[in-house]
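Breakdown of the fold
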Amino acid sequence: FAYDRGNERLDVMPGAALGRMIYEGAGVSISPEEVTRLLSVAAVDRVITYGGLSGAGLTEAGRLKDESNIPVVVMRNEAALPRAYFVSQVEVHADIVRAAKRLREEGFDPRTTVILESGEAPRGSSRQEPAATETRLTTSGPNHVRVELSASRPGYLVLADTFYPGWIAEVDGVPSPIIRANAMFRAVAVSAGEHAVEFRYRPSSVRSGLMVTAAGLVLAGLLAVPRRR
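Residues numbered from 1 in each chain as written. Predicted model: local features only at pLDDT ≥ 70, side-chain atom pairs only at ≥ 80, totals over all residues. Heavy atoms only, no water.

The next subject is the packing of aromatic side chains. Taken as a whole and assessed by the stated rule, the structure comprises one aromatic pair. Measuring from centroid to centroid gives 5.4 Å for Trp-167 and Tyr-201, while their planes differ by 45°, and the two rings are tilted. Separated by 34 residues along the polypeptide, Trp-167 in strand β10 (residues 167-171) and Tyr-201 in strand β14 (residues 193-201) bring together distant segments of the chain. The buried category is assigned to Trp-167, whose relative accessible area is 16%. A relative accessible area of 29% places Tyr-201 in the partly exposed class. The ring of Trp-167 carries Arg-186 above its face, with NZ or CZ at 4.1 Å from the centroid. (Phe/Tyr/Trp six-rings, centres within 6.5 Å; stacked < 30°, edge-to-face > 60°. Helix = DSSP H or I, 4+ residues; strand = E, 2+ residues; numbered from the N terminus. Buried < 20%, exposed > 50% of the residue type's maximum accessible area, 1.4 Å probe, protein only. Lys NZ or Arg CZ within 6 Å of the ring centre and 35° of its normal.)

Extensive coverage of helix α2 (residues 32-41) is indicated by the burial of eight of its 10 residues. Taken as a whole, α2 has its buried residues at Glu-34, Val-35, Thr-36, Arg-37, Leu-38, Leu-39, Ser-40 and Val-41. Downstream of α2 by one or two residues, Ala-43 has phi in the positive range, about 60°.

As judged from the seven bridges shared by strand β7 (residues 133-140) and strand β8 (residues 144-151), these two strands associate in the antiparallel manner. Bridge pairing in β8 places Leu-137 opposite Val-147. Linkage of β7 to β8, two consecutive antiparallel strands, is achieved through a turn of three residues. (Pairing = 2+ DSSP bridges.)

Right, let's talk about the sheet that holds strand β2 (residues 58-64) for a bit. The three strands lie next to each other as β1-β3-β2, forming an open sheet whose pairing is antiparallel. This sheet does not close on itself; its edge strands, each paired only once, are β1 (46-50) and β2. For this sheet, the mean angle separating the axes of adjacent strands, direction not counted, is 30°. Pairing of β2 with strand β3 (residues 72-77) involves six bridges; the strand directions are antiparallel. From the neighbouring strand, Thr-59 faces β3, where its bridge partner is Arg-76. (Axes fitted to C-alpha atoms, helices over the stretch in contact; angles between N-to-C directions.)

Just distances and angles here, no functional claims.
Right, dumping it as structure tokens:
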């Protein structure tokens, strides 16, 4: 389900059909290498399958026998990217279909490059020289994620969490836009140096509800004030 909608019928992206587009590919089968690549981009390091899954970097981590006709097998993906990581190379593809196809191509290296829906390459980036960086995921909650990082040059912090309306980001306490990355994840631009990047879920519905509640309390207070005769 890393590239598909959930079973609660909540569309997490335009059309919520990226999974079908990737795996069906208009009748074109997807190779085990492409499957592994997509799993790695989504930071999936464990896969539950029936009968196992073949592919470079996939090894068996556990097996449940005698519970079904086909054994349930847990595969470990050794090539999985971390949930939060830093890159300094950028490709911009505004078309989400083109971005998804680019993810499948062998020439795309997700460890050094991110596909953005909009934006530009950071100044001072170089393909010949790897970026020295350290990334630490210090807070992981349903409504709050905090990442601390130290980068040797400007780039983007990529978070393999679903790009979804209502999330906001701050870099060192300063609001920063969240850009759709690698078709359905998140990226935030950062400069060289040490930073703390925080993601918080603050949907407009909550803000609207608070405003309505505040207005109701004010009205209730006014009505509670006794009138002079």
